[in-house]
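# Observations on the three-dimensional arrangement
Chain by chain, the residues run as shown.
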Amino acid sequence: MHGLSRDDCERLDREDPLSVWRARFELPSGVIYLDGNSLGALPVGTRQRLDELVRVQWGEDLIRSWNGNDWIGMPRRIGAKIARLIGACDDEVVAADSTSVNLFKLLAAALRLRPGRKVIVSERTNFPTDLYIIEGLIELLGQGHELRLVHAGELCDALDETVAVLVLTQVDYRSGRLHDLATLTRQAQAKGILTLWDLSHSAGAMPIELNAAGVDMAVGCGYKYLNGGPGAPAYLFIARRHQRMAPPAIAGWMGHAVPFAFAPDYRPAAGIERHLVGTPPVLGLAALEVGVDLLLGADLRLVREKSRQLGDLCLRLVEQECAAFGFERASPHDSARRGSQVAVRHPQGYAIVQALIAEGVIGDFRAPDLLRFGLAPLYLRYVDIWEAVAALRRVMASRSWDRPEFKRKATVT
Ligand SMILES: *Cc1c(COP(=O)(O)O)cnc(C)c1O
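The paragraphs below set out a description of the structure included in this document. (Residues numbered from 1 in each chain as written. Predicted model: local features only at pLDDT ≥ 70, side-chain atom pairs only at ≥ 80, totals over all residues. Heavy atoms only, no water.)

### Some remarks on the site of the ligand
Near the ligand, the surroundings consist of Ser-98, Thr-99, Ser-100, Phe-127, Thr-129, Asp-130, Thr-169, Asp-198, Ser-200, His-201, Tyr-223 and Lys-224. Within the side chain of Asp-130, one N or O atom sits 2.9 Å away from a nitrogen atom of the ligand. In the model, a nitrogen atom of the ligand is placed 2.9 Å from a nitrogen or oxygen of the Asp-198 side chain. Burial of the ligand by the protein chains amounts to 87% of its free accessible area of 390 Å². Secondary-structure elements contributing two or more residues to the shell around the ligand are α5 (99-113) and α6 (128-141). A class-by-class count of the residues in the shell around the ligand yields 2 nonpolar, 7 polar and 3 charged. (Near = heavy atom within 4 Å. Polar contact = N/O pair within 3.5 Å; in protein donor to acceptor, adjacent residues only side chain to side chain. Areas by Shrake-Rupley, 256 points an atom, 1.4 Å probe, with all protein chains shown as cover. Helix = DSSP H or I, 4+ residues; strand = E, 2+ residues; numbered from the N terminus. Nonpolar A, V, L, I, M, F, W, Y, C, P; charged D, E, K, R; others polar.)

### Some thoughts on the sheet that holds strand β14 (residues 364-366)
Taken together, the 4 strands give an open sheet; going across it, the order is β11-β12-β15-β14, and neighbouring strands pair in antiparallel fashion. Among the strands making up the open sheet, the edge pair consists of β11 (328-329) and β14. (Pairing = 2+ DSSP bridges.)

### Quick look at unusual backbone geometry
Residues Ala-367 and Pro-368 are joined by a peptide bond in cis, for which omega reads 5°. In this structure, Pro-368 sits in the loop between β14 and β15 (370-374). Positive phi is not limited to glycine here, since Leu-62 has a value of about 50°. The topology assignment puts Leu-62 in the loop between α2 (44-58) and α3 (65-68). Of the residues examined, Leu-62 reaches a relative accessible area of 46% and is grouped as partly exposed. For Asp-97, which is not glycine, the phi torsion reads 50° and is therefore positive. The topology assignment puts Asp-97 in the loop between β4 (93-96) and α5. (Buried < 20%, exposed > 50% of the residue type's maximum accessible area, 1.4 Å probe, protein only.)

### Notes on the nonpolar core
In this structure, Ile-82, Ile-86, Val-121, Leu-199, Leu-210 and Leu-378 are the most contacted members of the largest nonpolar core, which totals 59 residues. When neighbours within four sequence positions are excluded, Leu-199 is seen to be in contact with Ile-86, Gln-170, Leu-181, Ile-208, Leu-210, Ala-218, Val-219, Gly-220 and Tyr-235. If you look at the next biggest cluster of nonpolar residues, it comprises 38 residues, including Cys-9, Ile-32, Leu-317 and Met-396. (Core = buried A, V, L, I, M, F, W, Y, C linked by side-chain atoms within 4.5 Å. Contact = heavy atoms within 4.5 Å.)

Right under this line is the structure:
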């Protein structure tokens, strides 16, 4: 097998049916952005939408905008759009709060739906906030719940009749390993266990079919592949069959059946709205809506196909160009078992990532030794992967990473 060349990458770009999408994003020149899994790029329409919102809707229409510009309907409206990205119905999703807070709300609801069961199963390598939220809720409830953490391969064995909820993230934030959502959901349900999936690292990068798989609940993030902007509101999904069962864990006025009756007694809304808490963050929701609208126009099957190819290309090029430098693949080799990111290990990972950023290639580092590259298919070219690996090779060959300024740890890695 002969090696891959830059020409091969250019040919892939010429044949790429998604190549037109890159122009829908504002990307800085001289930068190759491999961090769209952590903060999605800026869609072209966002600037104008926010400008109009601030100048006209806030500046001139003022409080009339809650009705006149339907600010009050944003959590439902945007939720309904996100529903189409994840295989849900439009009354099963709302945009609200952060992923962490939504996980808290839904886990609390799920535990109330399984009062006799005391075990929550999750994965040892799950995203830390997910584990902290579970532990924190267990302590707050004080009802003797227990978090059972297992490795991915042991999940099926861990599912028995004592388990109330299985809480998993579909794509592992470090390795990019992709869970089989449908099979795990089926195995859990066969034991009467509710499933609560975190879609933060998968939604927007691949087709997801929550209802076809029978998923009970899900949460996800607005600022990653949905391109909603820094700290964008997150979303939550509850299958219709559960919506009337559990009262909300945080009974705020926006979840009241009639918020503007200003009644002293709480009465939850009938549907998914009961999981809204406070006043919607309108600026953040508007930016999120632009990102979601953009994605709704893209064919997620093509996005997934390109994402797999970008990942294969990246891993192959690192092997081909950087074999001498001691990198070790940390992502699944088979793209069918991988999300839209790849990771390699190196003991000097942190410094290497900083040196790469100085070269204009933005990836990130995840402790203890992972270099992580997010692959957002709508705005990345195959030739970007070529250039990124070429930069990695330069950084390694010149040992430019071996400078004190690249070893100083910043707050955000
Ligand atoms: C990004 C991410 C989060 C982020 O949660 P926030 O509340 O928005 O900070 C949570 N869980 C997973 C799996 C993530 O990838």
